[in-house]
Amino acid sequence: METVGIGSTIESLRAGLRGTAYAAGEEGYDEATRAWNLNARQEPAVVVMAEGAVDVMAAVRFARDIGVGVGVMATGHGVGEPCDGGVLVNTSRMRGVRVDPVARTARVEAGALWTDVIPEAQAHGLAGLVGSSSHVGVVGYTMGGGFGWLGRRYGLNAASVVEADVVTADGELLRVSADEHPELFWGLGGGGGNFGIVTSLEFRLYPLTTVYGGNVFYPIERAREILELYSRWSADLPDEMTTAVTFLNVPPLPDIPEPLRGGSFVVVRGCYSGAPEDGEEVFRPVREGIGDPVMDTFGVMPVAAMDAISMDPVDPIGAVQHSEMLRDLSPGAIEALVEVAGPDSGSPLIMLEVRQLGGALARVPDRLSPMGGGKARYIMNGVGATFTPEMAAGVRAHLARVNEATREHQTGETYVNFMELDAAGEDRVRAAYPPEDFERLVALKDRHDPENLFRFNRNIAPTGVTG
Ligand SMILES: Cc1cc2nc3c(=O)[nH]c(=O)nc-3n(C[C@H](O)[C@H](O)[C@H](O)COP(=O)(O)OP(=O)(O)OC[C@H]3O[C@@H](n4cnc5c(N)ncnc54)[C@H](O)[C@@H]3O)c2cc1C
């Protein structure tokens, strides 16, 4: 990366930072730009390791001075467009969390993970709306909507936000809430980081310490039968129950116990957030309707142990994903899923998951929806690990096959947080929003970021600028 031209100014940038900054080629640069998803390689001109809001303001002003765009990364779980040639703000040193047990809110700094929030909140019997993995960054997750195993009961975390501090494209720090800059507040709740860098976020917590949840594993050969039962069962569940049906190819790793190690399964997974005994009752039709599972882990678990439901990888990994929203789990949709992920599919994916929507995930009046107009009852997400270029090609080809086979069951909507790396063009981003919301987002972008400074994301380009 060419650093000539910024050499003199980077010294003045550094001098004003509490944290530090690295230009391409300098020691520290590689580590500071490395993303959790190892496929998300970024080559910014400069990366700023921010220690606070003032560093973020300095980074934005510096980017304006040298005429480049700005990207932001907390963990690198969800890099959209790599920040090549821009100024990357790395927020991983900003992990402060403060819980207010009376107001039932948490305030987090830009780089906090859900693992930072959970113990602070649980100490007061409170829970936040964490996703399937607590190692994801809270702010990035919330900028794209954010839902997990409490989703059908409490909704998107974006809809629980009450206030944010935001560094805007002109390098100013604004406090944003329903009362202050209300239009910007609306756009932040699912606008994918297009309007500024959030340095501090406050959101609601909910009284909850235990859930009833887990996985039942069945042999992949029984996929059709399991999907048919799951489709009937999930059609009529209370909002306290959030569920998914998942095809899993479990890697043959030594730390994975038998009989799961190296096997292929279809799994019914779920989480009930009401009284545990009611959860057991709601789950009974699955347990009694389909006998002989390979393993059944459903039971009462602490909120702090909910990562065990999805078993997502924790350590960095190269991964490729593709997601589509499904109208329904009709017999035709089930047939298509069995064809591309069932026993004879040759699927190289680690996982093809169909999560149930509805309940509190349906559109909330006055809040932005980052998962389309609400036509879908399920969201499908396929993920493959890519340790070699050949594996990556195989995974991409198979995801294209999944996409093709399920096309007639798709609504055409997308979800910001499950969008693919580096290939989500304008149409995919537009499809994440109801048309009238997308127009409103473009108007907001025109007002707050007319030059598209914040372009390394699921980009909503301002009028007259290509993304
Ligand atoms: C293993 C795994 C499990 C997941 N599970 C779920 C799930 O259950 N539910 C769900 O909804 N999503 C889930 N996701 C998606 C995840 O929420 C997104 O990838 C999210 O963007 C990750 O945020 P991050 O900060 O960790 O990632 P980063 O890659 O650091 O950031 C991603 C993007 O978030 C935005 N952003 C980050 N910080 C800021 C900031 N301070 N201000 C403004 N914008 C910012 C930027 O656009 C940035 O490019 C999962 C992803 C993975 C890899």
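Residues numbered from 1 in each chain as written. Predicted model: local features only at pLDDT ≥ 70, side-chain atom pairs only at ≥ 80, totals over all residues. Heavy atoms only, no water.

## Here's the deal with the overall build of the chain
Scanning the chain from terminus to terminus reveals 14 helices and 19 strands. For 467 residues, the compact-globule estimate of 2.2 N^0.38 gives 23 Å, and the C-alpha radius of gyration of the chain, at 22 Å, lies within 12% of that figure. C-alpha atoms of the chain, sized along the principal axes, occupy 70 × 55 × 45 Å. Relative to its full complement of 467 residues, the chain shows a buried share of 57%. Taking contacts inside the chain between residues at least 6 apart in sequence as the whole, the part at least 24 apart equals 74%. Accessible surface computed for the chain: about 18600 Å², of which carbon and sulfur atoms make up 51%. If the 38 positive side-chain charges of the chain are averaged to one point and the 63 negative ones to another, these points end up 2 Å apart. (Helix = DSSP H or I, 4+ residues; strand = E, 2+ residues; numbered from the N terminus. Rg over C-alpha atoms; globule rule 2.2 N^0.38 Å. Buried < 20%, exposed > 50% of the residue type's maximum accessible area, 1.4 Å probe, protein only. Contact = heavy atoms within 4.5 Å. Areas by Shrake-Rupley, 256 points an atom, 1.4 Å probe, with all protein chains shown as cover. Lys, Arg positive; Asp, Glu negative; His and termini not counted. Charge placed at Lys NZ, Arg CZ, Asp CG, Glu CD.)

## Considering the site of the ligand
The environment of the ligand is made up of 32 residues, and the closest members are A74, T75, S132, F147 and Y415. Within the side chain of R355, a nitrogen or oxygen atom sits 3.0 Å from an oxygen atom of the ligand. Look at the ligand: alone it shows 950 Å² of surface, and the protein chains cover 93% of it. In terms of residue class, the shell around the ligand is made up of 15 nonpolar, 15 polar and two charged. (Near = heavy atom within 4 Å. Polar contact = N/O pair within 3.5 Å; in protein donor to acceptor, adjacent residues only side chain to side chain. Nonpolar A, V, L, I, M, F, W, Y, C, P; charged D, E, K, R; others polar.)

## Looking at the sheet that holds strand β3 (residues 70-73)
Read across the sheet, four strands follow the order β1-β2-β4-β3 without closing on themselves; strand pairing throughout is mixed. In this open sheet, the two edge strands, each paired with only one partner strand, are β1 (20-23) and β3. Strand-to-strand twist of the sheet, defined as the mean angle between neighbouring strand axes without regard to direction, takes the value 20°. Pairing geometry for β3 and strand β4 (residues 87-90), over four bridges, is parallel. The residue of β4 that forms the bridge with V70 is V87. Sitting on the sheet, helix α3 (residues 53-66) is in contact with β2 (46-49), β3 and β4, with an inclination near 175° to β4. (Pairing = 2+ DSSP bridges. Axes fitted to C-alpha atoms, helices over the stretch in contact; angles between N-to-C directions.)

## Here's the deal with the sheet that holds strand β6 (residues 105-109)
The five strands are arranged β5-β6-β10-β8-β9 in an open sheet whose pairing can be described as antiparallel. One side of each edge strand has no neighbouring strand; the edge strands of this open sheet are β5 (97-100) and β9 (173-177). Each adjacent strand pair in this sheet contributes to an overall mean axis angle of 15°, direction not counted. Examined bridge by bridge, β5 and β6 share four bridges and lie antiparallel to one another. Opposite V97, over in β6, you have V108 as the bridge partner. Sheet strands touched by helix α4 (residues 114-122): β5, β6 and β10 (197-204). Its angle to β5, the strand with the most contacts, is close to 30°.

## Remarks on the domain arrangement of the chain
The domain boundaries assigned to the chain delineate domain 1 (12-89), domain 2 (97-207) and domain 3 (210-418). Between the C-alpha centres of domain 2 and domain 3 the distance comes to 25 Å. Here domain 2 packs against domain 3, burying approximately 3000 Å² in sum over the two surfaces, 59% of which is carbon and sulfur. Looking at the side of domain 2 facing domain 3, the largest losses of area belong to F147, W149 and R152, adding up to 38% of the total buried there. (Domains from an automatic or database assignment. Buried area = accessible area lost by both parts, 1.4 Å probe.)

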